[in-house]
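Chain by chain, the residues:
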Amino acid sequence: MLMVVNEYKNRLSWQNILGRALWNIVYFFLFRPFGTKIFCRWRNFILRCFGAQIHSRAGVYSSAKIWCPWKLEMKENAWIGPGVNCYNADWIRLGKNVTISQGTYLCTASHDITNSQNLLITAPIIVEEQSWIAAEAFIMMGVTIGQGAVVGARACVFKDVEPWTVVGGNPAKFIKKREIKDQ
C-alpha cells in the first residue's frame, strides 16, 4: 500500500499574513460594528486604507467578510450584501451595477489535489456589469459571470456564465436567456 504524507506548505508571504492579521483586528473593531447604511462611506474608507479599489457609490454590508481587502475591486453601484464571504486570496472584481446577495460565498482559492503537498492554487473571480448573484450562491475560483447574467439562489458555479443568461442548481446549469422588458 502506498502511503502519501501531506506536506502542505503555505505559499502566502509574511507580508500577506501580517496584513490579514491587522485587517482582522480593524475589521472586528472598526468595520463590523458600524452596521447601518449611513456608515457605508466609513466602511469603504477602511477598505480603501487596506488597498481595496471601491467606487464612492459602491458598498459593502458590515456583516460581509472580506479576506484580503487589497484584492477587491468594486465599480459604481456594486454591492456586497449581508453575510457574504469573499475568500479573495486572488482578485474579486465586480463591475458596475452588480449585486452579490446575502450569504453568497466567493472562493478564489483551492488546493491542487494532483500534488502530494496540496499546494494552494488561486484564480480571480470576475462579475461583469449588471449581473446578480442571488442568495447563498457559491462561485468558484477562475469563474467569470458575464454581463447581465443571473445566478440563482443556492447555485454552485464552477464554470463561466454566459452574458444575459440565468443559471441555477448544483452544478449551475443554463435555465433561460435573460431579457429586460421594461426598456
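Residues numbered from 1 in each chain as written. Predicted model: local features only at pLDDT ≥ 70, side-chain atom pairs only at ≥ 80, totals over all residues. Heavy atoms only, no water.

The next subject is the overall build of the chain. Counting secondary structure elements, the chain contains two helices and 19 strands. Taking the principal axes of the C-alpha coordinates as reference, the chain spans close to 65 × 40 × 20 Å. Burial status across the chain gives 40% buried among its 183 residues. Long-range contacts, defined here as pairs at least 24 residues apart, represent 28% of the contacts in the chain between residues at least 6 apart. Taking the 21 positively charged and 12 negatively charged side chains of the chain as two groups, their mean positions are separated by 7 Å. (Helix = DSSP H or I, 4+ residues; strand = E, 2+ residues; numbered from the N terminus. Buried < 20%, exposed > 50% of the residue type's maximum accessible area, 1.4 Å probe, protein only. Contact = heavy atoms within 4.5 Å. Lys, Arg positive; Asp, Glu negative; His and termini not counted. Charge placed at Lys NZ, Arg CZ, Asp CG, Glu CD.)

With that settled, consider the pairing of strand 19 (residues 173-177). Within strand 19, only zero of the five residues are buried, leaving the element largely exposed. The pairing of strand 18 (residues 165-168) with strand 19 spans four bridges and is antiparallel. Counted as the bridge partner of Thr165 is Lys177 from strand 19. Linkage of strand 18 to strand 19, two consecutive antiparallel strands, is achieved through a turn of four residues, within which Gly169 is found at a positive phi near 100°. (Pairing = 2+ DSSP bridges.)

This part is about a negative patch on the surface. On the surface, Glu128, Glu129, Asp160 and Glu162 cluster together into a negatively charged patch. Following the sequence through the fold, Glu162 ends up in the loop between strand 17 (156-157) and strand 18. (Patch = residues over 30% accessible without salt bridge, like charges linked within 9 Å, V, L, I, M, F, W, Y side chains within 5 Å. Areas by Shrake-Rupley, 256 points an atom, 1.4 Å probe, with all protein chains shown as cover. Salt bridge = Lys/Arg side-chain N within 4 Å of Asp/Glu carboxyl O.)

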